[in-house]
Structure formats: structure tokens, C-alpha cells
Amino acid sequence: MKITFPHMGNMDIVLKALLSELGHEVITPPPITKKTLSLGVQYSPEFACLPLKVNIGNFIEAVEKGADTVIMAGGIGPCRFGYYNQVQREILKDMGVQLNMVVLEPPDQHIGELLKRLRLITGSNSWWKLIKAIRFSYEKCLALDAIEKEASRLRCRELQRGDVDKVYRQGRKAIDQARSVKEVRKKQEEYIQAMQALPLDWHKKVVKIGMVGEIYTLLEPTASGYMEKHLGYLGAEVDRSLYLSEWVNEHLFKGLLSVKGHKETRKLAKPYLSCVVGGHGQESIGGAIEYAHKGFDGVIQVGPLTCMPEIVAQSIMPLIEKDYGLPVLTIYTDEQTGEAGLITRLEAFIDMLERKKLAIRQIDI
Ligand code: SF4
């Protein structure tokens, strides 16, 4: 089996580690480019959400590199994600592309369900080897999240633009190449320290922005027009409401590990949105409230154009703004999104947050 998977942030490194440990030949799709997107757009229905289109582009490019099997996450609940894989299967069939699909869906009752599905790709490997492979790849997931988080915190303070990203990219590569849990942890520490040792302006007055929204646009930088990076360059310290390790723990491991979950976040959303609307709609509302409690200056909600759960959450955001005095900017992205227009909107939002902060300071004086 030559296995591939769609890109979503640092997920390629995590899945590569898992599958390689199990003895598979792994075909990582080429990085997402304009070509990937135009392939996806060409073969997907126009109304499909952006992640589906990018995934199709990934699959086509991976097949060109020799992949014959794709592993991807499935979903349950009232949004389109649940039937993504069926739609993608049909698209590829119509194109005459041969690709077996292994869909890992959240287990309904027990972790055993997930392990049973994983059996499809574990072959003759023992359960012990599978558990070891999961542990190793999850450790990489945690390390990648940790360095990514630190990069988002420090980017706005760098004296030389691009310094933090340079170290972040080196850290990403080092974690990818690490061969043991111990080495992964060592690399995580090493690169976090390397970022903190860069020439940084610790006295700079920055605005703090929390990012909430749909998982793909939060995790995959190309899907949000590199929003997190641009916010940092524009002088904002950024925190995201969702990281890959949290999603994996919550949805695939059923919260078994002691990694931050979103139960409390959803509880906070309840007075405004009491039912599940699919995707991360509830988490977007709860996440915005959490950022208000933590004293953040503003929140950006991001999602693919026409994303149903985020549209529901967006309709509630004005209430959050009013009740918590928290400015919220909602941005949808699709294949037409241009970085220049996006930067202008982010700049205007940061400018407004800075003025608000200054006005509050003057009132206090
Ligand atoms: S969460 Fe939004 S973008 Fe993702 S599948 Fe559902 S509707 Fe599409």
C-alpha cells in the first residue's frame, strides 16, 4: 500500500510518523499551491466548501506521485463533513482516479471502534506496535503544536521580520526527523528556547487576538491566507482556540489524554447556542467568551465561505460583542481570497483595537 492523506497544517508530519512506524510506504502530497487549489476547484462542485476542494487537489497530486490509498478523517453531526468522503470518492471515480479510501471517524462508544478501523491500515502489526506508533506520532503532534503556539505568541515581537518563522520551520523539520519520543521532546524544548533567544522587543505594546472558527481554516495556513502570520507581522499576539493535538484527543481518543479539551468551551456557549450545529460552531462562540474572560482585545472568527456552523455562530457574535464588550471580526475564505485584501482588513481591525485600548487607558488616567 502506498498511503497518502490530505494536508491540514502539520498533520502530514504526524501521519507520516504513524504510517511509517507501521511499515507503510508514505506518499506525502506536495505542499498546497495555486496548482493544488485549481485542480480541486476544477473537479469539485462549485458550492462545496474550500477544504473539500483543497483535499481533492491533494489527492490528485498524491496519485501523480504514486499513492493508491488515502487515509482521512470522517465526521458526524449536521454539517457537510460527514459526507465529504463519499462525495470525494465519487469525484475521483468520475475522473477515473484509482484511490482506496480509509475513513477514520470518531468512535461512537469506545476507543476500540477506532482501533478496529485502524486495523485496516495496521495489517499484521501487533496491537502493541500500533499503540507505540500512535504514541510516537501523537508526541510529534504535541511538539508541533507547542512550537506553533510559541511562534504565534512571539512573531509580533521580533525585531527582524521572519526570524521566528525561520526557527519555526527549522523546528518543524527537526521534529519531523526525530526518531524517538525522547528526541521529539528534546527538539520541542530546543526550538522553543531558540525562538525565545531571538532579538525580541518584550516591551512592545501589542494587541492580543484570539482566533476561533472552523478547524481547517484554523489549522491550515494556506486556507486562511496565512492569517496568523500576517496578524503577527501587523503587531498582534495570536492564540488559537483549537490545535491538532486537542482535536485528536477529543475526537479520536475520546478525551482519554490530559490535553486541553473543549467541554468547558461548549458549556460557555450554551446560553447562546444550546445545540450542536456541526463543525466547531459552538466552540467558536464558547472560544470567543473564553478570550473575553482572559482579557483579549479582540477575536477573529474564520471559516470557509458557506460554512454552515460558522454562519450560525456568526449570527450570534453580535450578542457576544455586546455582552462582553469584545470586538469580533468574521472572515470567510475561498479560492478567490487574495492576501492583499485580507491584510487590509486585518490592519483595519488591529488599528481599531489599538485605538480602543488607547482610549480606555486615557479614561483610566
Ligand atoms: S465545518 Fe464548514 S467547512 Fe467544514 S465541512 Fe462543515 S460546512 Fe464545510
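Residues numbered from 1 in each chain as written. Predicted model: local features only at pLDDT ≥ 70, side-chain atom pairs only at ≥ 80, totals over all residues. Heavy atoms only, no water.

A. Structural detail: unusual backbone geometry. Positive phi outside glycine occurs at Tyr226, with the angle close to 60 degrees. For Tyr226, the position within the fold is in the loop between α9 (215–219) and α10 (227–233). Look at Tyr226 and you get partly exposed, because its relative accessible area is 32%. (Helix = DSSP H or I, 4+ residues; strand = E, 2+ residues; numbered from the N terminus. Buried < 20%, exposed > 50% of the residue type's maximum accessible area, 1.4 Å probe, protein only.)

B. Quick look at the pairing of strand β8 (residues 328–333). For β8, a buried count of five out of six residues is recorded, marking the element as mostly surrounded by other parts of the structure. The pairing of strand β7 (residues 298–304) with β8 spans six bridges and is parallel. Bridging across to β8, Val302 finds its partner in Ile331. On the question of chirality, the crossover connecting β7 to the parallel β8 by way of helix α14 (residues 308–324) is right-handed. (Pairing = 2+ DSSP bridges. Right-handed = clockwise from strand over helix to strand, strands pointing away.)

C. Layout of the site of the ligand. In the vicinity of the ligand, the contacting residues are Cys49, Cys79, Arg80, Phe81, Tyr84, Glu214, Gly279, Pro304, Cys307, Met308 and Pro309. Each residue belonging to the shell around the ligand can be placed in one class, and the counts come to eight nonpolar, one polar and two charged. (Near = heavy atom within 4 Å. Nonpolar A, V, L, I, M, F, W, Y, C, P; charged D, E, K, R; others polar.)

D. Layout of the packing of helix α6 (residues 127–154) against helix α8 (residues 181–196). Two elements in contact, α6 and α8, have axes separated by 9 Å at closest approach and are oriented at 5 degrees. Considered as vectors, α6 and α8 are oriented roughly parallel to each other. Counted together, Arg135, Phe136, Glu139, Lys140, Leu142, Ala143, Ala146, Ile147, Glu150, Ala151, Arg153 and Leu154 of α6 and Val181, Val184, Arg185, Gln188, Tyr191, Ile192, Met195 and Gln196 of α8 form the full contact between these two elements. Classifying every residue of the contact of α6 with α8 gives 12 nonpolar, two polar and six charged. (Axes fitted to C-alpha atoms, helices over the stretch in contact; angles between N-to-C directions. Parallel < 35°, antiparallel > 145°, perpendicular 65-115°, else oblique. Contact = heavy atoms within 4.5 Å.)

E. Expanded view of the environment of Ile192. By secondary structure assignment, the location of Ile192 is in helix α8. With a relative accessible area of 15%, Ile192 lands in the buried category. For the pair Ile192 and Leu144, spaced 48 residues apart in sequence, the C-alpha separation works out to 10 Å. Ignoring anything within four residues of it in the chain, the contact list for Ile192 reads Ala146, Ile147 and Glu150.

F. Quick peek at the domain arrangement of the protein. Considered domain by domain, the protein is made up of domain 1 (2–125), domain 2 (129–155 + 157–201) and domain 3 (206–364). Centre-to-centre separation of domain 2 and domain 3, based on C-alpha positions: 23 Å. Across the contact, 15 residues belong to domain 2 and 19 residues belong to domain 3. Contact between domain 2 and domain 3 buries roughly 1,500 Å² in total, counting both sides, with carbon and sulfur atoms accounting for 57%. Its largest share of buried area at the contact with domain 3, domain 2 owes to Tyr138, Ser152 and Arg155, together 36% of the area lost on that side. The salt bridge partner of Glu237 is Arg157, with a shortest N-O separation of 3.5 Å. Summed over the shared surface of domain 2 and domain 3, the result is seven residue pairs in polar contact (both at pLDDT 80 or more). (Domains from an automatic or database assignment. Buried area = accessible area lost by both parts, 1.4 Å probe. Salt bridge = Lys/Arg side-chain N within 4 Å of Asp/Glu carboxyl O. Polar contact = N/O pair within 3.5 Å; in protein donor to acceptor, adjacent residues only side chain to side chain.)

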